[in-house]
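Here is how the chains run, residue by residue.
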Amino acid sequence: METNKKNPQSIDEYIANFPQEIQEILQELRATIHGAAPGAEEAISYQMPTFKLEGNLVHFAAYKNHIGFYPTPSGIENFKEELSAYEGAKGSVKFPINQPLPLDTIAKIVKFRVKENLEKAASKKKKK
C-alpha cells in the first residue's frame, strides 16, 4: 500500500494518498506522537513521515498489511517486552493494519526517544 505515486512534501500529503480507513489510523498515530513530543517538528525523510527534535525521533509508514514504526534500535530495544507480540527488526516494528495500534506503548517509546535525543544534544553542547 505504500504509495510512490507522488513524493509527498508534508505528512498531510503523505496521509492523503491512502484510503480513508488508513488515513484515520495514520492520523491517530500522528496525534499520539504529537502528544508525546509536543515540541517535535514534522518532516518527510526517506519518503516517510518523520518527527524531529534534536535529530530524528521516529518515522512511520503505511503498507498493504501493516503500519511500520521506526523509533531507532534503542527505541525497540528498550521496549522489546511490550513489542514482543509484533513482528519487527533492529529499528522497526510492524503493527498489523487489522488490529488497533498500541498507542500507549507508542507514546512511551516516543517519550523515551525525546529524552534520549535531548540528553544527546545536551551532552554535545557540554563538549563544545
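Residues numbered from 1 in each chain as written. Predicted model: local features only at pLDDT ≥ 70, side-chain atom pairs only at ≥ 80, totals over all residues. Heavy atoms only, no water.

Draft legend 1. Summary view of the sheet that holds strand E2 (residues 48-52). Ordered by their spatial adjacency, six strands build an open sheet running E1-E2-E3-E4-E6-E5, and the pairing between neighbours is antiparallel. Across the chains shown, the open sheet's two edge strands, defined by having one partner strand only, are strand E1 (41-45) and strand E5 (87-89). Neighbour to neighbour, the strand axes of the sheet diverge by 25° on average, direction disregarded. When E5 meets strand E6 (residues 92-96), the two strands line up antiparallel, connected through three bridges. Directly across from Glu87, in E6, lies its bridge partner Lys94. Each of E1, E2, strand E3 (56-62) and strand E4 (66-70) touches helix H2 (residues 20-36); the most contacted strand, E3, lies at about 170° to it. (Pairing = 2+ DSSP bridges. Helix = DSSP H or I, 4+ residues; strand = E, 2+ residues; numbered from the N terminus. Axes fitted to C-alpha atoms, helices over the stretch in contact; angles between N-to-C directions. Contact = heavy atoms within 4.5 Å.)

Draft legend 2. Region of interest: the pairing of E4. When you tally the buried positions in E4, you get five out of five residues, the bulk of the element. Side chains His66, Gly68 and Tyr70 of E4 all project onto a buried face; the interleaved residues Ile67 and Phe69 project onto the opposite face, where all are buried too. Pairing of E3 with E4, which is carried by four bridges, proceeds in the antiparallel orientation. Opposite Ala62, over in E4, you have Ile67 as the bridge partner. Linking two consecutive strands that pair antiparallel, namely E3 and E4, is a turn of three residues. Bridge analysis of E4 against E6 gives four bridges, and the strand direction is antiparallel. Bridge pairing in E6 links Phe69 to Val93. (Buried < 20%, exposed > 50% of the residue type's maximum accessible area, 1.4 Å probe, protein only.)

That is the geometry; function is a separate question.
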